[in-house]
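# A closer look at the structure
Chain residues, written in single-letter form:
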Number of protein chains: 2
Amino acid sequence: MAVASDPAALIAGAGEGDRRSLARLLTLVEADTDQGRRVLASLFAATGRGWTVGLTGAPGAGKSTLTSRLIDHIRGEGTSVAVIAVDPSSPFSGGAILGDRVRMQDHIDDPGVYIRSVATRGHLGGISEATPRCLAVLDGIGFSEILVETVGVGQAEVDIAGNTDTTVVVLNPRWGDSIQAAKAGLLEVGDVFAVNKADRPGVAETVRDLRQMLELGGGLGWQPPILPTVAETGDGIAELWKAIAAHRRHLLESGELQAVRRARLVQEVRAEVVNTMRRRVRRRMDDDTWQRTIDRVVARQVDPWTAAREIIDLAALD
Amino acid sequence: MAVASDPAALIAGAGEGDRRSLARLLTLVEADTDQGRRVLASLFAATGRGWTVGLTGAPGAGKSTLTSRLIDHIRGEGTSVAVIAVDPSSPFSGGAILGDRVRMQDHIDDPGVYIRSVATRGHLGGISEATPRCLAVLDGIGFSEILVETVGVGQAEVDIAGNTDTTVVVLNPRWGDSIQAAKAGLLEVGDVFAVNKADRPGVAETVRDLRQMLELGGGLGWQPPILPTVAETGDGIAELWKAIAAHRRHLLESGELQAVRRARLVQEVRAEVVNTMRRRVRRRMDDDTWQRTIDRVVARQVDPWTAAREIIDLAALD
């Protein structure tokens with residue numbers, strides 16, 4: 001069966017469970033095409049029902065194995081789940097090394113699971129920009145749980161994790177790991193902390209260090225729980241999911257969810273305005289008008305600041 | 001005498017050497033006011049004749065003392081000089097500690113010297129944005145040498161230094177200092193390196209380390225010279241200024257200057273487009289239209305990406 005190319009047909013197909021239609025929808029919105037924009041305009045009204053969970057942490061912390069275990073757990077509850085894997089080292093993203101315990105194949109035959117691998121190829125800024133749009137598609141199509149796995153080592157990665165309702169920071173019982181997480185700006189974004197590989201020594205110390213650092217920055221309201229997990233064996237996974245559910249209940253019952261989501265939408269609109277203008281300016285740079293404007297600036301016939309306004313006036317008409 | 005407020009009168013006053021008029025002009029362009037834009041539009045045609053030199057490096061490297069010595073040296077050649085001091089710890093910026101050898105007063109009575117202190121107060125992004133405009137004013141008013149002193153510890157600081165024709169990176173004969181400079185991204189921006197406090201041990205090792213690292217990243221063309229200086233005594237200052245002059249000659253004779261300045265102007269136009277849009281969006285956020293748009297997004301009547309386009313269309317009409 002050929003995959004439809006019309007947005008409406010793709011949405012219908014994806015809604016009926018056709019994975020190829022869904023993959024095509026995500027490709028359209030990732031690339032920020034006109035068709036992608038039509039997809040988002042159609043689906044956005046149906047969003048807001050899914051719960052988005054970000055998993056982030058240093059490479060090797062065990063995020064992929066944890067994600068795989070969470071998929072099993074969520075499926076055990078009978079709920080559908082989608083995963084966006086941004087971590088380039090994740091087996092979900094094709095970065096699996098031979099002998100890795102986690103395989104995409106483990107879930108590929110389950111119609112209640114959809115895994116989207118995002119190849120980063122160094123364009124993390126672009127992926128960071130595209131993640132909210134992909135989340136909107138998965139949410140609008142009807143997934144009730146959406147996981148985003150990303151490696152938490154830079155601002156773009158932290159931004160990706162920040163686009164979700166609940167952010168899980170994954171670290172290990174390792175000397176200095178909590179300090180590394182603090183340096184990477186992960187303490188501020190973590191709603192739930194998983195100390196994974198908790199069958200290794202040093203769990204109590206890591207939990208204590210983390211607790212102290214969280215208390216330093218902490219205020220009233222939600223106190224991020226810290227959970228030991230052993231993703232390899234599945235130990236602590238049920239408790240981790242319970243903690244995520246507790247955070248969700250907290251946001252719902254306190255009314256914070258509305259404020260948090262509103263702030264995220266405001267942020268998205270602002271980012272889109274700036275990104276759109278940046279893209280339009282970049283596009284303009286190839287055309288004759290831009291070249292003529294720059295030539296006039298170089299010849300000092302017009303100053304750069306007046307020239308910028310001329311370009312905005314033109315770009316606005318795009 | 002009252003300072004004129006009309007841009008044309010201020011430009012005339014500043015051109016005749018009135019420091020208060022010049023200070024007022026800089027304030028207008030820093031704040032990015034309508035009047036400031038008129039100032040820039042008037043002055044821009046007269047720019048391009050002054051030579052701009054950035055001095056950057058870690059706090060305590062001796063940039064202010066070096067700047068002060070360079071002022072003396074330049075004045076000794078009979079040339080006028082302006083200084084923009086962005087370093088918050090600089091005595092030029094009011095950060096002098098009791099007993100500091102450098103004082104603004106050393107140069108305040110010299111009509112051929114103008115020092116602009118920029119108080120950072122944490123708004124370094126804004127200063128980074130405003131620096132090219134301030135440089136245009138000082139250049140357009142007729143200063144033939146313009147120094148920019150900034151502490152090279154973050155991207156914004158490196159950006160400020162990158163807005164000049166010649167960038168001098170100041171470091172010390174201290175173990176690991178060249179590695180710190182490399183980490184801060186200063187090796188790439190340095191056209192000339194000053195190993196200041198060269199009366200201390202370790203100069204040869206620092207020069208060697210620096211040379212090795214520069215060769216790793218270096219290509220053809222200009223080879224950044226490394227000069228030992230002792231700003232406290234004035235040793236090496238004449239040689240440093242000669243190296244700056246050699247870099248200037250290189251840019252002029254190779255024809256690179258035109259390419260470099262064109263690239264800088266292109267960058268300034270692009271940055272101004274994005275910054276202008278960001279400012280307009282920020283301004284919009286206070287008005288009713290924006291609030292109504294956001295309310296519609298929150299109610300999921302319109303998606304954030306369509307909303308962004310609506311806002312751009314409105315902001316473009318500002």
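Here the structure is a predicted model, which means the values were calculated and not measured.

### Examining the overall build of chain A
Along its length, chain A carries 14 helices and 7 strands. Relative to its full complement of 318 residues, chain A shows a buried share of 47%. Relative to all contacts within chain A whose residues are 6 or more apart in sequence, the contacts with residues 24 or more apart total 73%.

### Details of unusual backbone geometry
Backbone geometry places R300(A), a non-glycine residue, at a positive phi of 60°. For R300(A), the location among the structural elements is in the loop between α13 (288-298) and α14 (304-315). We note that K197(B) has phi near 65°; this positive angle belongs to a residue other than glycine. Tracing the sequence through the fold places K197(B) in the loop between β6 (192-196) and α10 (203-217).

### Overview of helix α1 (residues 7-15) of chain A
All names here are of chain A. When α1 is considered as a whole, its buried residues turn out to be P7, L10, I11, G13 and A14. Down the axis of α1, the smallest arc covering the buried residues is 165°, so these residues share one side. Backbone geometry just downstream of α1 places G17 in the positive-phi region, at approximately 100°.

### Digging into the relation of the copies chain B and chain A
Mapping between the two copies of the chain is achieved by a rotation about an axis and a shift along the axis. With an RMSD of 0.0 Å, the operation that places chain B on chain A is a rotation of 180° combined with a shift of 0.0 Å along the axis. Expressed as an axis order, the relation between the two copies is that of a two-fold axis. Comparing interface residues between copies, 100% of those in chain B also sit at the interface in chain A, which points to an isologous, same-surface contact.

### Quick look at the sheet that holds strand β4 (residues 145-151) of chain B
All names here are of chain B. On the basis of which strands lie adjacent, the open sheet formed by 7 strands has the order β3-β2-β4-β1-β5-β6-β7 and parallel pairing. Two strands lie at the open edges of the sheet, namely β3 (113-117) and β7 (226-229), each paired on one side alone. Strand-to-strand twist of the sheet, defined as the mean angle between neighbouring strand axes without regard to direction, takes the value 20°. Pairing analysis gives 7 bridges linking strand β1 (residues 51-57) to β4, with the strands arranged parallel. Note that in β4 the partner of T52 across the bridge is I146. Lying over the sheet, helix α4 (residues 63-76) contacts β1, β2 (81-85), β3, β4, β5 (166-171), β6 and β7, oriented at roughly 175° with respect to β4.

### Some points on the environment of G202(A)
Residues and elements named next belong to chain A. For G202, the location among the structural elements is in the loop between β6 (192-196) and α10 (203-217). G202 sits in the partly exposed class, given 16 other C-beta atoms within 10 Å. Measuring from C-alpha to C-alpha, the distance between G202 and P173 comes to 5.0 Å, with 29 residues separating the pair along the chain. When neighbours within four sequence positions are excluded, G202 is seen to be in contact with P173, R174 and W175.

### Let's talk about the nonpolar core
Of all hydrophobic cores here, the largest spans 157 residues; its most connected members are L25(A), V137(A), L25(B) and V137(B). Residue contacts for V137(A): discarding those within four places in its chain leaves L25(A), L26(A), V29(A), V39(A) and L43(A).

### Some thoughts on the interface of chain B and chain A
Residue-level contacts link 35 residues of chain B with 35 residues of chain A. The dominant element in the side of chain B that touches chain A, judged by the number of residues it contributes, is helix α12 (residues 256-284) of chain B, at 13 residues. Looking at the side of chain B that touches chain A residue by residue, the class counts come to 21 nonpolar, 4 polar and 10 charged.

### What to know about the packing of helix α2 (residues 19-30) of chain A against helix α3 (residues 34-43) of chain A
All names here are of chain A. The interhelical angle for the contact between α2 and α3, taken along N-to-C directions, is 115°, at an axis separation of 7 Å. In terms of orientation, α2 and α3 fall into the roughly perpendicular class. Like other packed secondary-structure pairs, α2 and α3 cross with a definite hand, here left-handed. Together, L25, L28 and V29 of α2 and Q35, G36, V39 and L40 of α3 make up the contact between the two elements. Its residues placed into classes, the contact of α2 with α3 shows 5 nonpolar, 2 polar and no charged.

### A closer look at the sheet that holds β6(A)
Residues and elements named next belong to chain A. Spatially, the 7 strands line up as an open sheet ordered β3-β2-β4-β1-β5-β6-β7, and their pairing is parallel. Of all the strands in the sheet, the pair left with one neighbour each is β3 (113-117) and β7 (226-229). Neighbour-to-neighbour, the strand axes of this sheet turn through a mean angle of 20°, independent of strand direction. Here strand β1 (residues 51-57) pairs with strand β5 (residues 166-171) via 4 bridges, running parallel. Residue pairing for β5: G54 is matched across the bridge by T167. On the sheet, helix α11 (residues 237-254) packs against β1, β5, β6 and β7 and is oriented at approximately 155° with respect to β7.

### Considerations on the pairing of β5(B)
Residues and elements named next belong to chain B. Among the 6 residues of β5, 6 are classified as buried, and the element is accordingly described as predominantly covered. Residues T166, V168 and V170 of β5 are buried on one face, and the alternating residues T167, V169 and L171, pointing to the opposite face, are buried as well. With 4 bridges joining them, β5 and β6 adopt parallel strand pairing. Considered in β6, the bridge of L171 is made with V195.

### Concerning the pairing of β2(B)
Residue and element names in this part refer to chain B. Most of β2 sits out of view: 5 of its 5 residues are buried. Where burial is concerned, the two faces of β2 agree: the one with V81, V83 and A85 and the one with A82 and I84 are both buried. Across 5 bridges, β2 lies against β3 in parallel orientation. Across the sheet, the residue bridging to V83 is I115, located in β3. Alignment of β2 against β4, held across 5 bridges, turns out to be parallel.

### Considering helix α2 (residues 19-30) of chain B
Residue and element names in this part refer to chain B. With 12 residues, α2 ought to run about 16 Å at 1.5 Å a step, and its terminal C-alpha atoms sit 16 Å apart, in line with that. Among the residues of α2, those classed as buried are S21, L22, R24, L25, L26, L28 and V29. At the exit of α2 stands D32, carrying a positive phi of roughly 60°.

### A word on the confidence of the model for chain A
A low pLDDT means the predicted coordinates there should not be read in detail. All names here are of chain A. Across chain A, the average pLDDT comes to 85, with 85% of residues at or above 70. A low-confidence stretch, residues 95-101 (pLDDT under 50), is modelled with 8 contacts involving residues beyond four sequence positions or located in other chains. Scoring of the predicted complex yields 0.64 for pTM and 0.80 for ipTM.

### Overview of the environment of R69(A)
All names here are of chain A. Within the element layout of this structure, R69 appears in helix α4 (residues 63-76). By C-beta crowding, R69 is classed as buried, having 25 other C-beta atoms within 10 Å. Sequence separation of R69 and E232 is 163 residues, and the distance between their C-alpha atoms is 8.4 Å. Here R69 is in contact with A231, G234 and I237, once residues within four sequence places are set aside.

Rules behind the numbers
- Residues numbered from 1 in each chain as written.
- Chains lettered and ligands numbered in written order.
- Predicted model: local features only at pLDDT ≥ 70, side-chain atom pairs only at ≥ 80, totals over all residues.
- Helix = DSSP H or I, 4+ residues; strand = E, 2+ residues; numbered from the N terminus.
- Buried ≥ 20, exposed ≤ 12 C-beta atoms within 10 Å, placed from the backbone.
- Contact = placed C-beta atoms within 7 Å.
- Arc of directions from axis to C-beta.
- Least-squares fit on C-alpha atoms with pLDDT ≥ 70 in both.
- Pairing = 2+ DSSP bridges.
- Axes fitted to C-alpha atoms, helices over the stretch in contact; angles between N-to-C directions.
- Core = buried A, V, L, I, M, F, W, Y, C linked by C-beta atoms within 7 Å.
- Nonpolar A, V, L, I, M, F, W, Y, C, P; charged D, E, K, R; others polar.
- Parallel < 35°, antiparallel > 145°, perpendicular 65-115°, else oblique.
- Left-handed = near helix turned anticlockwise from the far one by under 90°.
- Expected span 1.5 Å × (residues − 1).
- pLDDT = per-residue confidence, 0-100.

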